[in-house]
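The lines below spell out each chain.
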Amino acid sequence: MTDTDTREADTRPWLIRVAPGLGVALIIAVVASLLGAAVPIVGGPVFGIVLGAVVAAILPAARSPRLAPGLGFASKPVLQISIVVLGTGLSLQQVLTVSGASLPVMLGTLAVALAGGWLFGRWLNVRGDTQTLIAVGTGICGASAIAATTAVIKAKESDVAYAIGTIFTFNIAAVLLFPPVGHLLGLSPEAFGLWSGTAINDTSSVVAAAFAYDAEAGPHGIVVKLTRTLTLIPIVGFLAVYTARKTAKADPQTAQKGSIPWRKLMPLFLVGFLVAASLQSLGVIPQAWQPGLSTLGTFLITTALAGIGASLRLDDMRKAGYRPLLLGAILWVAVALSSLGLQALTGTL
C-alpha cells in the first residue's frame with residue numbers, strides 16, 4: 001500500500017475504516033463461539049485467538065493494512081468493553097459467602113503466583129509483559145485476567161498469545177488430572193471445590209473439574225473462583241498506576257507537568273467494571289439478564305482475542321522459545337501445591 005493510499009484511508013469515516021477488520025474479527029468470533037460451545041473445556045476465547053492466528057498465517061489477505069484499524073479496534077476498545085460487561089456477573093457480596101477460612105488460601109495462592117512469576121521469570125529470563133501476563137493469568141482467572149491486564153499494560157499480540165496458550169495448556173491438564181488426584185487424596189467436596197477454585201485458571205475449567213469430581217464440589221468451586229476473580233480490581237489498578245508512572249518517566253513532557261491523567265491511573269474500563277459489579281451487588285441488574293450478559297461478555301472477549309490473534313505474527317512467538325511455557329508449568333504446580341498446603345494449615349483440607 002502506498003503513502004497516498006494510507007493518506008486516503010486515514011481520511012475515510014471512522015466506521016468505514018474499522019468495518020473490514022472488525023468484520024473479520026466478528027466472523028472469527030462467531031466460529032470460535034460455536035466451537036467453544038461444542039468444546040466448553042477449551043472455550044470460545046481460546047478458539048478465538050487460535051483461529052485468528054491461523055487465519056493470519058494462511059490467508060495473505062488477512063495481513064492487509066486495510067484490516068489493521070478494525071483489528072486494532074477489536075483488540076483494544078472491544079476488549080475493554082468486554083471486561084465491563086463481565087463485571088455484571090460478579091457480585092461484591094460473593095466475597096462474604098466464602099468462609100473466612102477460604103480467604104487465606106485464595107490470597108496465599110495469589111501471592112505464590114505473583115511472587116513466583118517475578119522470581120522464576122527472572123531465573124528463566126522471561127521478562128516484561130509475558131512474565132506479567134502468565135503470572136496474573138495463573139494467579140487470578142486465566143484469559144479474563146490476561147485480557148484486563150493487556151488493556152492496561154498494552155502488551156504485544158505475541159505476548160498475549162503466548163500467555164493464553166500457556167494458561168490453556170494447564171487448564172486442560174488440570175481438568176484431566178485434578179479429579180483423580182483429588183480422589184487419591186480423599187478430598188471432601190468442599191476441599192476439592194476450594195482447590196479447583198484457587199488452582200485452576202478459567203471458570204469453564206473450574207466447572208468441568210469440580211463437577212466431574214462431585215456434584216457438591218461444583219457450586220463451592222464456582223463461588224471460590226468468582227471471589228478470586230474480584231482480585232482483578234486491585235491488581236489491575238496497581239498495574240495501571242505502575243504503567244502510567246513508568247510512561248511518565250519516559251515522557252519528559254508528562255513528567256514536567258508533575259501529574260498523570262486520572263484515566264491512566266484508573267482506566268475508564270476498570271471504573272466501568274467496578275460500577276457493573278456494584279450494580280449487580282445492589283440487585284439493579286435483573287437476574288434474568290445474567291445469562292445474556294454472560295454470553296455477551298464472553299462473545300466480546302472472544303472478538304477481542306480474535307482481533308489479537310489475527311494481528312499476530314507467529315515468528316514473534318517462535319523467538320520466545322520454550323521458557324514462557326516452562327514458567328507457566330512451574331507456577332501451575334506451585335499454585336496447586338500451595339493451595340493444598342494452605343488448606344492443611346488452615347484446617348480446610
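Residues numbered from 1 in each chain as written. Predicted model: local features only at pLDDT ≥ 70, side-chain atom pairs only at ≥ 80, totals over all residues. Heavy atoms only, no water.

Overview of the overall build of the protein chain
Part 1: For the protein chain, the count of helices and strands is 19 helices and 0 strands.
Part 2: A burial count over the protein chain gives 48% of its 349 residues as buried.
Part 3: Long-range contacts, defined here as pairs at least 24 residues apart, represent 80% of the contacts in the protein chain between residues at least 6 apart. (Helix = DSSP H or I, 4+ residues; strand = E, 2+ residues; numbered from the N terminus. Buried < 20%, exposed > 50% of the residue type's maximum accessible area, 1.4 Å probe, protein only. Contact = heavy atoms within 4.5 Å.)

Quick look at the nonpolar core
Part 1: Counting residues in each nonpolar core, the largest one holds 50 residues, and the members touching the most others are I140 and V160.
Part 2: It is helix α8 (residues 128-153) that provides the largest number of residues to this core, a total of 13 residues.
Part 3: The next biggest cluster of nonpolar side chains, apart from the first, holds 18 residues, and it includes A113, A174, A217 and A336. (Core = buried A, V, L, I, M, F, W, Y, C linked by side-chain atoms within 4.5 Å.)

Section: the packing of helix α10 (residues 189-199) against helix α12 (residues 217-229)
Part 1: Contact pair α10 / α12: the axes reach a minimum separation of 7 Å and the direction vectors enclose 35 degrees. The handedness of the crossing between α10 and α12 is right-handed. Touching P189, E190, F192, G193, L194, S196, G197, T198 and A199 of α10 are A217, H220, G221, V224, K225 and R228, all from α12.
Part 2: For the contact of α10 with α12, a count of residues per class yields 6 nonpolar, 6 polar and 3 charged. (Axes fitted to C-alpha atoms, helices over the stretch in contact; angles between N-to-C directions. Left-handed = near helix turned anticlockwise from the far one by under 90°. Nonpolar A, V, L, I, M, F, W, Y, C, P; charged D, E, K, R; others polar.)

Quick notes on the side chain of T198
Part 1: Tracing the backbone through its elements, the reader meets T198 in helix α10.
Part 2: Relative accessible area serves as the criterion here: at 1%, T198 is assigned to the buried category.
Part 3: Engagement of the side chain of T198 in a polar contact is seen with the backbone oxygen of L194, the distance being 2.7 Å.
Part 4: Apart from the residues within four sequence positions on either side, T198 is in contact with V105, M106, T109, V224, R228, V335 and S339. (Polar contact = N/O pair within 3.5 Å; in protein donor to acceptor, adjacent residues only side chain to side chain.)

Considerations on a nonpolar patch on the surface
Part 1: A cluster of nonpolar side chains, contributed by V50, V54, I58 and L59, occupies part of the molecular surface with about 350 Å² of accessible area.
Part 2: Examined against the element boundaries, I58 turns out to sit in helix α3 (residues 44-58).
Part 3: Judged by relative accessible area, I58 falls into the exposed class, the value being 59%. (Patch = residues over 30% accessible without salt bridge, like charges linked within 9 Å, V, L, I, M, F, W, Y side chains within 5 Å. Areas by Shrake-Rupley, 256 points an atom, 1.4 Å probe, with all protein chains shown as cover. Salt bridge = Lys/Arg side-chain N within 4 Å of Asp/Glu carboxyl O.)

Quick look at the environment of I134
Part 1: Mapped onto the fold, I134 is located in helix α8.
Part 2: For the pair formed by I134 and Y162, sequence separation is 28 residues and the distance between their alpha carbons is 8.5 Å.
Part 3: Residue contacts for I134: discarding those within four places in its chain leaves A163, T166, I167, P324, L327, G328 and L331.

Let's talk about unusual backbone geometry
Part 1: With a phi close to 60 degrees, N125 is a non-glycine residue in the positive phi region.
Part 2: Position of N125 relative to the elements: it lies in the loop between α7 (102-124) and α8.
Part 3: For K154, which is not glycine, the phi dihedral falls at a positive 55 degrees.
Part 4: Inspection of the secondary structure puts K154 in the loop between α8 and α9 (157-185).
Part 5: Residue K154 is classed as exposed on the basis of its relative accessible area, which comes to 53%.

The values reported here are purely geometric and, on their own, carry no functional implication.
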